Amino acid sequence: MDRNDVPAYPVGLRLSGRRVAVLGGGQVAQRRLPSLVAAGADIVLISPSATPSVEAMADAGELRWERRGYRAGDLDGAWYVVVATGDAEANAAASEEAEARRVWCVRSDDADAATAWTPATGRSEGVTVAVLTGRDPRRSAAVRDAVVEGLRDGTLIAPRHRGRTAGVALVGGGPGDPDLITVRGRRLLAEADVVIADRLGPRDLLDELPPHVEVIDAAKIPYGRAMAQEAINAALIEHAKAGKAVVRLKGGDPFVFGRGMEEAEALAEAGIPCEVVPGISSSISVPGAAGIPVTHRGVAHEFTVVSGHVAPDDPRSLVDWGALAKLRGTLVMLMAVERIGAIAAALIEHGRGADTPVAVIQDGTTAAQRRVDATLATVGQVVTEEAIRPPAVIVVGEVVAVGRGIRR
């Protein structure tokens, strides 16, 4: 059987502190050298010239550069050699020396003459993916990319079994579309033992979890509305103390009206490790998905995000509605559907024009998204007539009119 028809035996070389010879300073060397540097190899580059990037590595002391062509004996003491010169005779001679010295040799010009092949490699969270497909390097790269991307975004589930630390990750799930969660958030979901999920989190992602993952609906945690947050905090602490990897999956961003800091403080007090994974806030993503820019040159140089969960005349309100009415920029309101009539009246009373454009976007970024337009004078009535229900984002300002041309 032809030796080149036999599959290569995969192995991971531990090159730290060991001599590696690289012959040639061109594009091949430029691609291969960073990984050798990262592996801690003692690299000697032999080449009369080099690309600027390779030269910069030499100037930084990451390798030794001997500015000359290959000579017999250059592989003395080497554990591994990369042959990548433009001189076919030098490549053949170096390959013969490597064979005689039993040094594994990669050749850029003739893979069949090499004693080693460089796999297509990628890394994610401490995992090195190396793919060999013989004489089809493009397929190797495609397989590598698919595996690495799957590890990064959590679609390829490969949970850790060693070295994993129990704790809690407060993950912002984004505005609703499961594709808008961050890569890290999705990866942590794939590695979780327990997921405590908000109603407004990206629910479709829960269907992708393995059967062993315990999913807890935070909306159904007992003890009533007044104790809901305390009960959630207690559940986070209980499962983390049991040695579980816990994900608290929240809608939007954990710290934008998400009470994430209350949970982080409770975990800190209990001595539980906590990681915060920011999410895309619905305050900017939902208007964008509906074709509304929260800022636009010559129209709005500012935008303000406000919670509307209490009415303007409620003594619990911390919002200065009078000051907001005097601003010329965009006003974005969350949790304001039930009180939008009173809020609009307060803004008009304090000087904001009654004809100011308003857009209400319900279920933003999801398949159920819909947008209705109004003005400050009519928005309360429109929300009632259109039976708008939470979750919805309300945008007030001239940017609403700007976006009408690309309304979705």
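Residues numbered from 1 in each chain as written. Predicted model: local features only at pLDDT ≥ 70, side-chain atom pairs only at ≥ 80, totals over all residues. Heavy atoms only, no water.

Participant: Which residues make up the packing of helix α1 (residues 27-38) against helix α2 (residues 52-59), and what values do they have?
Facilitator: Here α1 crosses α2 at 35°, and the two axes come no closer than 9 Å. With respect to the hand of their crossing, α1 and α2 are arranged in left-handed fashion. Of α2, the residues touching α1 (which contributes A29, Q30, L33 and P34) are S53, V54 and M57. Taken together, the residues of the contact of α1 with α2 break down into five nonpolar, two polar and no charged. (Axes fitted to C-alpha atoms, helices over the stretch in contact; angles between N-to-C directions. Helix = DSSP H or I, 4+ residues; strand = E, 2+ residues; numbered from the N terminus. Left-handed = near helix turned anticlockwise from the far one by under 90°. Contact = heavy atoms within 4.5 Å. Nonpolar A, V, L, I, M, F, W, Y, C, P; charged D, E, K, R; others polar.)

Participant: Tell me what's going on with the pattern of salt bridges, and back it up with residues and numbers.
Facilitator: Side-chain pairing between opposite charges can occur once the charged atoms of the two side chains come close. Applying the stated criterion across every chain, the model contains 17 salt bridges. Measuring nitrogen to oxygen at the nearest pair gives 4.0 Å for the salt bridge that ties R186 to D179. A residue is classified by how much of its surface remains accessible, and R186, at 13% relative accessible area, is buried. Among the ionic contacts, a cluster of salt bridges with common partners joins D198, R248, K250 and E263. (Salt bridge = Lys/Arg side-chain N within 4 Å of Asp/Glu carboxyl O. Buried < 20%, exposed > 50% of the residue type's maximum accessible area, 1.4 Å probe, protein only.)

Participant: Could you give an account of the sheet that holds strand β10 (residues 214-217), naming the residues involved and the relevant values?
Facilitator: Pairing is parallel across the open sheet formed by five strands, whose spatial order is β10-β9-β11-β8-β12. Edge strands, defined here as strands with exactly one partner in the open sheet, are β10 and β12 (274-277). Neighbour-to-neighbour, the strand axes of this sheet turn through a mean angle of 20°, independent of strand direction. Note that strand β8 (residues 167-172) and β12 share four bridges and pair parallel. (Pairing = 2+ DSSP bridges.)

Participant: An account of the pairing of strand β5 (residues 104-107) is requested, with residue identities and associated values reported.
Facilitator: As paired strands, strand β4 (residues 80-83) and β5 are joined by four bridges and run parallel to one another. By the bridge assignment for β5, V82 is matched with V106. One crossover worth recording links β4 to the parallel β5 by way of helix α3 (residues 88-101), and it is right-handed. (Right-handed = clockwise from strand over helix to strand, strands pointing away.)

Participant: Any chance you could break down unusual backbone geometry for me, citing the residues and the numbers?
Facilitator: Look at the link from P390 to P391: it is a cis peptide, with omega at 0°. Relative to the helices and strands, P391 resides in the loop between α11 (379-385) and β17 (392-396). Even without being glycine, D363 reaches a positive phi, approximately 50°. Topologically, D363 is positioned in the loop between β15 (357-362) and β16 (370-375). Residue D363 is classed as buried on the basis of its relative accessible area, which comes to 12%. Backbone geometry at A387 places phi at a positive 55°, although glycine is not the residue there.

Participant: Outline the sheet that holds β17, supporting the account with residue identities and numerical values.
Facilitator: In spatial order, the strands read β13-β14-β17-β15-β16; together these five strands make up an open sheet with mixed pairing. A strand with exactly one partner marks an edge of an open sheet, and here the two such strands are β13 (303-307) and β16. Neighbour to neighbour, the strand axes of the sheet diverge by 20° on average, direction disregarded. The sheet contact formed by β15 and β17 spans five bridges and is antiparallel. Bridging from a neighbouring strand, A359 pairs with V395 of β17. Across the face of the sheet, helix α8 (residues 282-289) comes into contact with β13, β14 (330-334), β15 and β17 while running at roughly 80° to β17.

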